[in-house]
Amino acid sequence: MNNENIPENTTHFGFKQVEKTDKASMVAEVFHSVADKYDVMNDVMSLGIHRLWKRYAIDCSGIRPGQKVLDLAGGTGDLAAKFSRLTGPKGQVIVADINASMLQVGRDRLRDKGIVGNVEWVQADAEHLPFPENHFDLVTIAFGLRNVTDKDQALRSMYRVLKPGGRLLVLEFSKPESETFSKIYDWYSFNLLPNMGKVIANDAESYQYLAESIRMHPDQETLKSMMDSAGFEQTSYHNLTGGIVALHRGFKF
Amino acid sequence: MPAKQLAGGAIEALLNTIIKLDPISAKRLQPLQDKRLKVSIKELPWPLTFAFSDRVDVLTQVDAAQSTNKLEPSADCHISLQMGTLSELKDSSQITRLIQEKRLDLEGDIHVAQHFSTLVKDLNIDWEEHLSRYVGDVAAHQFFLMAEKAKVRLSHGLQHISTMLKEGAIEEKKLIPHAVEIEQFVSDISSLRGQVGRLEARIEHLVNQAKTQN
């Protein structure tokens, strides 16, 4: 990602430059549009591999019964369902998402599965988390950080709400390690993906945005240094599926 | 593709599907609520951790450092064993014997391992009932009736073949002796042993007698 020559009051929305104040509502519009078909599309686009990426994140979470988890951009509740069981009745899982439609889909889905006791749903902006300092043992954000307008501010906000000893996990699309693989991935993202979005969700534009937003997201090393700057320690990342996705991990001590 | 997570996911799906088929297993999961059991099978490259709630979640160890990292939580019970010993764990009363024989290493709360063993051992699945949901009661009943008959027939068939082979080997080919012959042989040996014993005692007696006369 290159931030040079970008006016201070603008940011990217896919490949477009937009006013910072407009991005949140534009992203919200995308997710309002895809909320109903979000899970189906994730399965189709990734051939179900997104479930394994999320399992990897859970395996790295080190979560124990009785602990508190904040699942940011947790919309459809994929991670929250698992964290709810792993933290048990004495634990707490808060799913926060800026988008009400995604929260609604997730809440209905988990309620249908009988997961209600220790899960709470909060509509919140990752940049200004409405939680006390040193509150959570684990903060996760899966496929959400790239949609945040001010990522540095969001990382600082996550750091603030983490307890000392707590950890942040960022699961996000990233930069493929191999050039050849990267070209195939680009072709898939800009040719196949929008068409799949059109057929399945009747929404090619949102999936065009998805592909563009992935390209505009910081690469592995940049995100790691952003986490360092936000105050996280022992930061590291692990590439999954050739770097299509990376899991970043950082601790607060 | 994350292979460990794929394997863990498959085991988790299989285990929960089987557990769900037995309605009583939910009750048997109660004592394991919020417990973790880590299983290291020597033939497998990574350990699996079973986290219990109203179902079983399978967690995989992401890297070797995770097992020694103080930031990573430990399980309530950790068992290490070989694949062959796995089936013997079904009987929870055998756990102590397996530890004594050094075929099982156990750290932590033994009750977690015992409850898990009981959960697996006591699974009682009414397969006919579950099949009837898809094909109807009559078809499911007929299928299991036929399967039962086939099982009996197969058992009789195997028994018949076994008898034929035995008779062929004993009566026709004379490859092995008949049970009566073995019994007679054992009886003869026993009788001979007795006679030798008596002869030995008689000789000893005569030797002692000769010594006292001299």
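What counts and how
Residues numbered from 1 in each chain as written. Chains lettered and ligands numbered in written order. Predicted model: local features only at pLDDT ≥ 70, side-chain atom pairs only at ≥ 80, totals over all residues. Heavy atoms only, no water. Helix = DSSP H or I, 4+ residues; strand = E, 2+ residues; numbered from the N terminus. Rg over C-alpha atoms; globule rule 2.2 N^0.38 Å. Contact = heavy atoms within 4.5 Å. Buried < 20%, exposed > 50% of the residue type's maximum accessible area, 1.4 Å probe, protein only. 1 Å grid on protein atoms, 1.4 Å probe; cavity = no way out; pocket = protein on both sides within 12 Å on 5 of 7 lines; lining within 4 Å. Points joined across faces, edges and corners; volume = space filled by probe spheres on them. Nonpolar A, V, L, I, M, F, W, Y, C, P; charged D, E, K, R; others polar. Pairing = 2+ DSSP bridges. Axes fitted to C-alpha atoms, helices over the stretch in contact; angles between N-to-C directions. Domains from an automatic or database assignment. Core = buried A, V, L, I, M, F, W, Y, C linked by side-chain atoms within 4.5 Å. Polar contact = N/O pair within 3.5 Å; in protein donor to acceptor, adjacent residues only side chain to side chain. Parallel < 35°, antiparallel > 145°, perpendicular 65-115°, else oblique. Left-handed = near helix turned anticlockwise from the far one by under 90°. Buried area = accessible area lost by both parts, 1.4 Å probe. Salt bridge = Lys/Arg side-chain N within 4 Å of Asp/Glu carboxyl O.

Here the focus is the overall build of chain B. When its secondary structure is counted, chain B shows eight helices and five strands. The helix and strand sequence of chain B, counted from the amino end, reads α-α-β-β-β-α-β-α-β-α-α-α-α. The C-alpha radius of gyration of chain B comes to 30 Å, more than 25% above the 17 Å expected for a compact globule of 214 residues. Seen through its C-alpha atoms, chain B measures out along the principal axes to roughly 90 × 55 × 35 Å. Partitioning the intrachain contacts of chain B with sequence separation of at least 6 by distance along the chain shows that 57% fall at a separation of at least 24.

Here the focus is unusual backbone geometry. The phi torsion at Phe-143 of chain A lies on the positive side, around 55 degrees, for a residue other than glycine. Along the chain, the position of Phe-143 of chain A falls in the loop between strand 6 (136-142) and helix 6 (151-161). Backbone geometry at Asp-34 of chain B places phi at a positive 65 degrees, although glycine is not the residue there. Considering the arrangement of structural elements, one finds Asp-34 of chain B in the loop between helix 2 (25-29) and strand 1 (36-41). Exposure remark for Asp-34 of chain B: the relative accessible area of 23% places this residue in the partly exposed category.

Of the volumes computed, that of the largest pocket is approximately 1,100 Å³. Around the largest pocket, the lining comprises 38 residues; the ones closest to its centre are Ala-81, Arg-85 and Lys-113 of chain A together with Glu-12 and Arg-55 of chain B. If one sorts the elements of the lining of the largest pocket by residue count, helix 1 (residues 3-21) of chain B sits on top with seven residues. Broken down by class, the residue content of the lining of the largest pocket amounts to twelve nonpolar, 13 polar and 13 charged.

Our focus in this paragraph is the sheet that holds strand 5 (residues 104-108) of chain B. Residues and elements named next belong to chain B. Pairing is mixed across the open sheet formed by five strands, whose spatial order is 3-2-1-4-5. Sheet topology places strand 3 (56-60) and strand 5 at the edges, where each strand pairs with a single neighbour. The average undirected angle you get between the axes of adjacent strands in this sheet is 20 degrees. Strand direction decides the pairing type here: strand 1 and strand 4 (residues 77-81), joined by five bridges, are parallel. The residue of strand 4 that forms the bridge with Lys-38 is His-78. With respect to the sheet, helix 1 is in contact with strand 2 (48-52) and strand 3, its orientation differing from that of strand 3 by roughly 165 degrees. Against the sheet, helix 5 (residues 110-121) makes contact with strand 1, strand 2, strand 4 and strand 5, and its axis sits at roughly 80 degrees relative to strand 1, the strand it touches most.

Buried accessible area, meaning the area lost when the parts come together, often serves as the stated size of an interface. Domain assignment breaks chain B into domain 1 (3-121), domain 2 (126-176) and domain 3 (177-214). Look at where the C-alpha atoms of domain 2 of chain B and domain 3 of chain B centre, and you get two points 51 Å apart.

Residues and elements named next belong to chain A. Trp-53, Phe-83, Leu-171, Phe-173 and Val-245 are the most contacted members of the largest nonpolar core, which has 43 residues in total. Residues within four places of Phe-83 in sequence aside, it is in contact with Ile-58, Ser-61, Ile-63, Val-69, Val-93, Leu-138 and Thr-140. Counting residues in hydrophobic clusters, the runner-up holds 25 residues, among them Ala-126, Leu-168, Met-227 and Ala-230.

All names here are of chain A. Mapped onto the secondary structure, Lys-163 falls in strand 7 (residues 162-173). The sequence separation of Lys-163 and Asp-137 amounts to 26 residues, and the corresponding C-alpha distance is 5.7 Å. Apart from residues no more than four positions distant in its own chain, Lys-163 is found in contact with Asn-134, His-135, Phe-136, Asp-137 and Lys-252. Only 3.4 Å separates the side chain of Lys-163 from the side chain of Asp-137, close enough to count as a polar contact.

For any two helices packed against each other, one specifies the inter-axial angle together with the distance between the axes. All names here are of chain A. As a packed pair, helix 6 and helix 9 (residues 220-230) sit with axes 9 Å apart at the nearest point and diverge in direction by 50 degrees. In this view, helix 6 runs oblique relative to helix 9, as classed from their interaxial angle. Crossing of helix 6 against helix 9: the hand is right-handed. Residues Lys-151, Asp-152, Leu-155, Arg-156 and Tyr-159 of helix 6 form the contact with helix 9, whose participating residues are Leu-223, Met-226, Met-227 and Ala-230. Grouping the amino acids of the contact of helix 6 with helix 9 by side-chain chemistry returns six nonpolar, no polar and three charged.

Each partner contributes to the interface: chain A provides 24 residues, whereas chain B provides 25 residues. Here chain A packs against chain B, burying approximately 2,000 Å² in sum over the two surfaces, 54% of which is carbon and sulfur. By the criterion of area lost to chain B, the three top residues of chain A are Asp-59, Arg-64 and Arg-85 of chain A, representing 31% of everything that side buries. The tally of links from chain A across to chain B stands at four salt bridges. There are nine residue pairs in polar contact (both at pLDDT 80 or more) connecting chain A and chain B. Taken together, the elements giving at least two residues each to the side of chain A that touches chain B come down to helix 3 (49-59), helix 4 (78-87), strand 8 (233-240) and strand 9 (245-251) of chain A. If one sorts the elements of the side of chain A that touches chain B by residue count, helix 3 of chain A sits on top with seven residues. Broken down by class, the residue content of the side of chain A that touches chain B amounts to 13 nonpolar, four polar and seven charged.

Scanning all chains against the criterion turns up one cavity of 30 Å³ or more. For the largest cavity, the calculated volume is near 50 Å³. Around the largest cavity, the lining residues are Pro-65, Arg-85 and Leu-86 of chain A together with Asp-34, Lys-35, Arg-36, Ala-51, Phe-52, Ser-53 and Asp-57 of chain B. Class assignment of the residues belonging to the lining of the largest cavity gives a composition of four nonpolar, one polar and five charged.

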